[in-house]
Amino acid sequence: MADDALHERLLKIVLSLPGAYEDRPWGSVHCKVAGKIFVGWGRGEDGEMELGFRMSLAAQASFVASDPRFKIAKYVGKYGGVDMRLGPKPNWAEVEHFIVESYRIIAPKKLVKELDARVGSTATQEAPAKKAPAKKAPAKKAPAKKGPAKKGPAKKAPAKKAPAKKAPAKKTAAKKGPAKKTAAKKAPAKKVAVRLARRAPSREAR
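What counts as what
Residues numbered from 1 in each chain as written. Predicted model: local features only at pLDDT ≥ 70, side-chain atom pairs only at ≥ 80, totals over all residues. Heavy atoms only, no water. Pairing = 2+ DSSP bridges. Helix = DSSP H or I, 4+ residues; strand = E, 2+ residues; numbered from the N terminus. Axes fitted to C-alpha atoms, helices over the stretch in contact; angles between N-to-C directions. Parallel < 35°, antiparallel > 145°, perpendicular 65-115°, else oblique. Left-handed = near helix turned anticlockwise from the far one by under 90°. Contact = heavy atoms within 4.5 Å. Nonpolar A, V, L, I, M, F, W, Y, C, P; charged D, E, K, R; others polar. Phe/Tyr/Trp six-rings, centres within 6.5 Å; stacked < 30°, edge-to-face > 60°. Buried < 20%, exposed > 50% of the residue type's maximum accessible area, 1.4 Å probe, protein only.

Engineer: Any chance you could explain the pairing of strand β3 (residues 36-43) here in plain terms?
Structural biologist: In terms of strand pairing, strand β2 (residues 29-33) meets β3 through five bridges, oriented antiparallel. Each bridged residue has a counterpart across the sheet, and for V29 the counterpart in β3 is W41. Joining the antiparallel neighbours β3 and strand β4 (residues 49-54) is a turn of five residues, in which G47 adopts a positive phi near 85 degrees.

Quick look at the structure:
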C-alpha cells in the first residue's frame, strides 16, 4: 500500500498523534499506541478502502442503525469496534475525528493529556487573529458617548424652581398691613386733643 494515496493520508493522521505508530501484525495495517490497536485499514475485494476503529457502544449502535457505511467489527464489536467504508471521496475531517476519538479511548491518559495540550496550544496561537476584529468594537461605541450631552438640560431643571422662592416676597407686602393699623390707632390721639380743646374754654369760664 506504499503507493496508495488513501493509505498515505490515513497514516499521516495517525502519526500526528502522541506515541502512535504503524504496525502490520497480520499483513494488514494496524496502528497502535502503547502496544494497543486503535485503528486499522485495508481494501476489500471490491477495492474500496475500509477503516476500522473504536467508539462508544451507544455511538456504535447509532451509526450502524442510521448509516450504511458502518457495520459492527468482527472481533472487537462488543467493545465498540466498527468498520467504515470510506468511498471514493472521503470526508477527511470526519475520518480524522473518528481516528482521534478512537485514539482517546485506547491511549493512556498521559498521552491523551499531551494531545489535549497540543490542541490547546494551537487554539491559543489562533486566538489573537480571531480577537483582532474585537479591537475595532470600541470605535463603534464612540458615538454612544455623546448620549450624556443630551442629558445636560435635565440638570438645569432645578433653575425652574427659582421662581418658587419669590413667593415669600409677596408675604412681606402682606406684613405691611399692620402698619396701616398703627395709623388707625393714632386717630384716637387727635380726638383726645379735640376734647381737651373743647374743655379748655369751660375752665376759663370758671
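Engineer: Just checking my understanding: could you explain the packing of helix α1 (residues 5-15) against helix α3 (residues 92-106) for this structure?
Structural biologist: Where α1 meets α3, the closest approach of the two axes is 10 Å, and the angle between their N-to-C directions is 45 degrees. The angle between α1 and α3 falls in the class oblique. Judged by the sense of rotation from one axis to the other, the crossing of α1 with α3 is right-handed. Side by side, α1 and α3 meet where L6, R9, L10, I13 and V14 of the first sit next to W92, V95, E96 and I99 of the second. Grouping the amino acids of the contact of α1 with α3 by side-chain chemistry returns seven nonpolar, no polar and two charged.

Engineer: What should I look at first to understand the packing of aromatic side chains in this one?
Structural biologist: In this description, an aromatic ring pair is defined by two values, namely the gap between the centres and the angle between the planes. Going through the model one piece at a time under the given rule, you end up with five aromatic pairs. A ring pair is formed by F53 and F98, whose centres lie 5.0 Å apart and whose planes are at 15 degrees; its orientation type is stacked. Of this pair, F53 sits in strand β4 while F98 is found in helix α3, placing the two residues 45 residues apart along the sequence. Both residues of the pair, F53 and F98, belong to the buried class. With a centroid separation of 5.4 Å and 85 degrees between ring planes, the pair formed by F63 and F98 is classed as edge-to-face. Placement of F63 in helix α2 (residues 57-66) and of F98 in helix α3 is noted, with a sequence separation of 35 residues between them. Exposure remark for F98: the relative accessible area of 7% places this residue in the buried category. Among the aromatic side chains, those forming a connected cluster through ring pairs are F53, F63, F70 and F98.

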